[in-house]
Every structure is written in C-alpha cells, then in structure tokens.
Amino acid sequence: MPVNTSAYQSIYKELASSNVTLVAVSKTKPASDILELYNLGHRDFGENYVQELTDKAKELPAGIRWHFIGHLQTNKVKLIIPIVQLIHGVDSLKLLREIQKQAAKAGKKVECLLQVHIAMEETKFGLDETELAEIISLSRAGEFSQLAIRGLMGMASFTEDMDKVGAELRHLKSLFDKYAVDFGQAPILSMGMSSDYRLAVSLGSNMVRIGSLLFGARSAGTTGH
Ligand SMILES: *Cc1c(COP(=O)(O)O)cnc(C)c1O
C-alpha cells in the first residue's frame, strides 16, 4: 500500500498549527515508506521492535529522530541507546534503572516518557498510579541522573466508545498536570493514535503517534500492543 502523502500533509499542517509533534509510526513498513516521508521533510518516526529499529536506522538517514514506542525488554535496552531520540514506553522501575545504567555506560543523556496504564484492557502495558508516584519520588531524589524524564505516554482502550476513550485520556492528562514540574522545561504528553488523535489533542496532548492513517493498515497481529 502506498504512503498516503496527502493525509500526511494535512495532518501535519493541522498538528503544527497547535504545536503538536507528529510521530509517524512506521512499524512493519518498509524503509522506502519512511524515506518517502523523510523526503517531504518529516523527521520523527516511531518503531515498536528493537530489531526492526536497529535494521532501519542502519540503512536510513542519520537525521531521523527515532522514537521507541513499543514494549522494551531490559536485555535490549543497550541496543537502542545509541539510536533513540525518545523512549516512550517506560513501564517499570526495573526498566528505568536499566536505561539509567546503559545511558551512563554510553555517556549519553537519554530522554524518556513514563507509560501509564489508562485502558481497561489488561493486555496493555504501563505503570499504575502508585508505581508512577514511586518513580517520580526517586527521580526527585536524583536517582536518574543520566535520564531526562520528559513526560508521560499512554494508550486508551481499543474501542469505538469515544466517551470511554475520552475519560481515559483525561485521566492521563490529569496525571501529566500533577507531575508537570518534574518533566523539565518542555513537558511531553504522548497520547493519541490514528483513531483518537483529534480527541487527544483537544484534551491536551502535544505529541501523537500515527501509523495507519499515513502508511495504511497493518496486517493482523502487528499492532505492537
Ligand atoms: C502502532 C502504534 C501506534 C499507531 O497506531 P495507529 O492506530 O496505526 O495510528 C501508536 N502508538 C503505539 C504505542 C503503537 O504501538
């Protein structure tokens, strides 16, 4: 399926006018698709799988800002540290500590977002509020010197029920506001996908992750959830 460049142009324009960063989610799509958007000036791309990210980063231009948006296993952290601009899916203290350790080894300041579990589905990853509070207090105590924790990320339930999606996104926004002072000068709230990005932006998102509207539908079993 070809890249929908006209959808890209209009979504990009729509988001730029409200200062929202568009992360083009390119998982399972070929490098040539990424290059097509890159040639239109796009730089922020999101990937879910470590092997796929490292392969693509090797063959694509160095100017790309890679966002890791999938579930990250601790034993794979070191593979992505040299490549990533922002790790969205930090969903455990153990993972955060591993990122801190590998970032120190690499001598790199690593930017990340804490993923909060806001959906009703049990299949989705993320911190609960207690775990989030614990990480924030460790961060305030200086535990993560090698990291820049820039904000929060979350995914709403996969449902047509937009009232439910809205309630979940509002919940994430309220946690984001609660801890905004902990996220530095330009806090990031990564929420919104193809199905709910407009709603997410209206509720305060400043970074959306959009795949299928730009690159077409993925085959079953590759949603990355
Ligand atoms: C796949 C994925 C997206 C993009 O989903 P679309 O519905 O195709 O826009 C966004 N965020 C995460 C975490 C994903 O895994």
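> What exactly am I supposed to notice about the site of the ligand here?
Close contacts around the ligand come from 14 residues, with K27, N48, S194, G211 and S212 the closest. With respect to the ligand, the backbone of G211 contributes an N or O atom lying 2.8 Å from an oxygen atom. A distance of 2.9 Å separates an oxygen atom of the ligand from a polar side-chain atom of R218. Protein burial of the ligand: of its 390 Å² of free accessible surface, 95% is covered by the chains.

> I would appreciate a short explanation of empty space enclosed by the protein in the present structure.
Taken as a whole and judged by the stated rule, the model has one cavity of 30 Å³ or more. In this structure, the largest cavity spans a volume of roughly 30 Å³. If you go around the largest cavity, the residues you meet are Q115, V116, H117, I118, A119, K124, F125 and M155. Grouping the amino acids of the lining of the largest cavity by side-chain chemistry returns five nonpolar, two polar and one charged.

> Would you take a moment to explain a negative patch on the surface for this structure?
There is a patch of like negative charges on the surface, built from D128, E129, E131 and E134. Counting through the fold element by element, E131 comes out in helix α6 (residues 129-140). A relative accessible area of 35% means that E131 is categorised as partly exposed.

> Which parts of the structure should I look at to understand the layout of surface pockets?
If a probe as big as a water molecule is rolled over the atoms, it shows which places are left empty. Taken as a whole, the second largest pocket spans an internal volume of roughly 190 Å³. L147, A148, I149, D182 and G184 are, among the 13 residues lining the second largest pocket, the residues nearest its centre. Split by residue class, the lining of the second largest pocket holds six nonpolar, five polar and two charged.

> I keep staring at the side chain of T54 and nothing clicks. Help me out?
If you trace the backbone, T54 turns up in helix α3 (residues 50-59). Not counting the four nearest positions on each side in its chain, T54 is found in contact with L79 and I83.

> What's the story with the pattern of salt bridges in this structure? I'm lost.
Close approach of charged atoms allows side chains with opposite charge to pair. According to the stated counting rule, one finds nine salt bridges in the structure shown. One salt bridge connects R140 with D182, and the closest N-O pair in it is separated by 2.8 Å. Of the two residues, R140 sits in helix α6 while D182 sits in the loop between α7 (162-179) and β7 (188-191), which places them 42 residues apart along the sequence. Of the residues examined, R140 reaches a relative accessible area of 55% and is grouped as exposed. Of the charged contacts in the structure, one is a salt bridge between D177 and K173, with a shortest N-O distance of 2.9 Å. Here K173 and D177 lie together in helix α7, a separation of four residues that amounts to about one turn. Here the residues in one salt-bridge network are E47, E52 and K56, joined through shared partners.

> It is not clear to me how the nonpolar core should be interpreted in this structure. Could you clarify?
One broad rule of soluble globular proteins: the nonpolar side chains tend to lie buried together. Core analysis: the biggest nonpolar cluster contains 62 residues, and I87, L96, I99, L114, L132 and L152 have the highest contact counts within it. If one sorts the elements of this core by residue count, α7 sits on top with six residues. Apart from the residues lying within four places of it in its own chain, the contact partners of L152 are L113, L114, V116, L132, L172, L175, F176, F183, I188, L189 and S190. V23, L113, I188 and M207 belong to the second-largest nonpolar core, a separate cluster that totals six residues.

> Help me understand the environment of I136, please; the structure alone is not making it clear to me.
Tracing the chain through its elements places I136 in helix α6. Separated by 22 residues in the primary sequence, I136 and L114 have C-alpha atoms spaced 9.7 Å apart. In contact with I136, not counting residues within four places along its chain, are L114, Y179, D182 and F183.

> Sorry, what's going on with the pairing of β7 here?
One face of the sheet, then the other: side chains in a regular strand alternate in exactly this way. Burial of the side chains of β7 extends over both faces: I188 and S190 are buried on one face and L189 and M191 on the other. Note: strand β6 (residues 147-154) against β7, four bridges, orientation parallel. Considered in β7, the bridge of M153 is made with S190.

Reading the values: rules and limits
One numbering rule holds for all chains: residues counted from 1, following each sequence as written. With pLDDT at 70 or above as the cut-off, local features in this predicted model cover only qualifying residues; side-chain atom pairs require 80 or more to be listed or tallied, and sums for whole chains, interfaces and linings still use all residues. Only hydrogens and water are set aside when side-chain values are computed; all heavy atoms of the structure are taken into account. Being near a molecule or strand, for a residue, comes down to having at least one heavy atom within 4 Å of it. Here a polar contact is taken to be a pair of N or O atoms separated by no more than 3.5 Å, where protein atoms must pair a possible hydrogen donor with a possible acceptor and residues adjacent in sequence count only if both atoms sit in side chains. Accessibility throughout is a Shrake-Rupley quantity obtained with a 1.4 Å probe, and a residue counts as covered only by protein chains that appear here. Put plainly, a pocket is an open set of points on a 1 Å grid over the protein atoms alone with protein on both sides within 12 Å along at least five of seven lines, a cavity is a set where a 1.4 Å probe fits but cannot get out, and a lining residue has an atom within 4 Å of a point. Grid points are joined across faces, edges and corners, and a volume is the space filled by probe spheres set on the points. When residue character is reported, Ala, Val, Leu, Ile, Met, Phe, Trp, Tyr, Cys and Pro are called nonpolar, Asp, Glu, Lys and Arg charged, and the others, Gly included, polar. Candidates for patches are residues over 30% relative accessible area with no salt bridge; among them, like charges are joined within 9 Å and nonpolar side chains (Val, Leu, Ile, Met, Phe, Trp, Tyr) within 5 Å. The term salt bridge refers to a side-chain nitrogen of Lys or Arg lying within 4 Å of a carboxyl oxygen of Asp or Glu. Positive charge is attributed to Lys and Arg, negative charge to Asp and Glu, and no charge count is given to His or to the chain ends. To locate a charge, the coordinates of NZ of Lys, CZ of Arg, CG of Asp or CD of Glu are taken. Helix numbers and strand numbers start at the N terminus; a helix is a DSSP run of H or I with at least 4 residues, a strand a run of E with at least 2. Under the scheme applied here, a residue whose accessible area is under 20% of the maximum for its type counts as buried, over 50% as exposed, and between as partly exposed, the area being computed with a 1.4 Å probe on protein chains only. Contact definition: two residues touch when any of their heavy atoms are within 4.5 Å. Side-chain atoms within 4.5 Å are what join buried Ala, Val, Leu, Ile, Met, Phe, Trp, Tyr and Cys residues into a set we call a nonpolar core. A strand pair is defined by DSSP finding two or more bridges across the two strands.

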